[in-house]
Amino acid sequence: MKLTSKMIAYFLVVVLVSFVGFAFSIFKVTGILDDTLNTQNVEMPRFYQTTDMTYNTMEKVAQVRGFLLTGSDVHLQEFDQLAKTNTETEKALLAIMRTDKGKKLTGELLKLDTEFNELVTKKLVPLKKAGKDAEALQVHQNEVTPAAKILGEKMEEYKVYRQDFLKGVFSRTIDNATATRNAVILSMILSVLVGILIG
């Protein structure tokens, strides 16, 4: 083989090694970009919704206590608004869930939240409005408080699920970034080695 042919062959090897390294890097960077955009546009808003639902649930419980103490409809109106907001959010999240675990948790959360809302509006509120304070207090202690506790625990479980899901997305992004960096370094080293061998 002539010297010119060898030089061209070695040069093509360097170009091929560089091309493979950079093609792999572009593939991984695209994955990082997709994960980042998904996190920004989908996962973080879902996480914020989860945080809002948790706050709304605690606030609903506080409004029930306020109504029980004062009998004021202001507390009921606030309760109704919070209940409506949470139900709409839970239904929307259930419709877009991609994992079986996410669907299961969201469905359970919607069911418990609906049961809690109905317990308050169909059992506790009528007793209080009828002036049956002792019975209303009994329902609150024996039924509403335990239901609120179960709902809060399920809300916390859902919140942990969303956090773990985000951690998985971040972990995948870090893995893609690490693989990209390693591919670029390896491509550079191989290109330099082949270049040295040519000389």
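Residues numbered from 1 in each chain as written. Predicted model: local features only at pLDDT ≥ 70, side-chain atom pairs only at ≥ 80, totals over all residues. Heavy atoms only, no water.

K.L.:
Let's hear about helix H2 (residues 73-96): which residues, and what values?
P.N.:
Along its 24 residues, H2 runs 35 Å from first to last C-alpha, staying within 8% of the 34 Å computed at 1.5 Å per residue. Every buried residue of H2 is listed here: Leu76, Phe79, Leu82, Ala83, Asn86, Thr87, Thr89, Glu90 and Leu93. Capping the start of H2 is the job of one residue whose side-chain oxygen sits 3.2 Å from the backbone nitrogen of valine 74: serine 72. (Helix = DSSP H or I, 4+ residues; strand = E, 2+ residues; numbered from the N terminus. Expected span 1.5 Å × (residues − 1). Buried < 20%, exposed > 50% of the residue type's maximum accessible area, 1.4 Å probe, protein only. Polar contact = N/O pair within 3.5 Å; in protein donor to acceptor, adjacent residues only side chain to side chain.)

K.L.:
Give me the lowdown on the confidence of the model for the protein, citing residues and values where you can.
P.N.:
Looking at the protein, pLDDT values average 87 and 98% of them are 70 or higher. Confidence, expressed as mean pLDDT per element, reaches its minimum in the protein at helix H1 (residues 3-70) with 83 and its maximum at helix H3 (residues 100-129) with 93. (pLDDT = per-residue confidence, 0-100.)

K.L.:
Could you give an account of the environment of valine 15, naming the residues involved and the relevant values?
P.N.:
You can see valine 15 is positioned in helix H1. We classify valine 15 as partly exposed; its relative accessible area is 39%. Taking C-alpha positions, valine 15 is 24 Å from asparagine 176, a pair spaced 161 residues apart along the chain.

K.L.:
Any details on the nonpolar core? Residues and values, ideally.
P.N.:
A general tendency of soluble globular proteins is for nonpolar side chains to be buried together. Ranked by internal contacts, the top residues of the largest apolar core, which has 26 residues, are Val64, Phe116, Val120, Leu124, Val144 and Tyr158. Ignoring any residue separated from it by four or fewer positions in sequence, one finds tyrosine 158 in contact with Thr50, Met53, Leu93, Met97, Leu105, Thr106 and Leu109. (Core = buried A, V, L, I, M, F, W, Y, C linked by side-chain atoms within 4.5 Å. Contact = heavy atoms within 4.5 Å.)

K.L.:
Now, about the packing of H2 against H3: what can you tell me, with residues and values included?
P.N.:
In a pair of packed helices, the angle between the axes and the distance between the axes together describe the arrangement. Relative orientation of the contacting elements H2 and H3 amounts to 160°, with a least axis distance of 10 Å. Comparing their axes, H3 and H2 come out roughly antiparallel. Judged by the sense of rotation from one axis to the other, the crossing of H2 with H3 is left-handed. Across the interface between the two elements, Asp73, Leu76, Phe79, Asp80, Ala83, Asn86, Thr87, Glu90, Lys91, Leu93 and Leu94 of H2 pack against Lys103, Thr106, Gly107, Leu109, Leu110, Asp113, Phe116, Asn117, Val120, Thr121, Val125 and Lys129 of H3. (Axes fitted to C-alpha atoms, helices over the stretch in contact; angles between N-to-C directions. Parallel < 35°, antiparallel > 145°, perpendicular 65-115°, else oblique. Left-handed = near helix turned anticlockwise from the far one by under 90°.)

K.L.:
Hey, could you go over the pattern of salt bridges for me, with residue numbers and the actual values?
P.N.:
Scanning the entire structure with this criterion turns up 13 salt bridges. A salt bridge links lysine 129 to aspartate 73, with the nearest nitrogen and oxygen atoms 3.3 Å apart. A residue pair is termed long-range when its members are at least 10 positions apart, and lysine 129 in helix H3 and aspartate 73 in helix H2 qualify at 56 residues. Using a relative accessible area of 53% as the deciding quantity, one classes lysine 129 as exposed. Between glutamate 108 and lysine 104 there is a salt bridge whose closest N-O contact spans 2.9 Å. In this pair, glutamate 108 and lysine 104 both sit in helix H3, 4 residues apart, roughly one turn of the helix. Classification of lysine 104 as exposed rests on a relative accessible area of 54%. One salt-bridge network, held together by shared partners, links Glu43, Arg46, Arg98 and Arg162. (Salt bridge = Lys/Arg side-chain N within 4 Å of Asp/Glu carboxyl O.)

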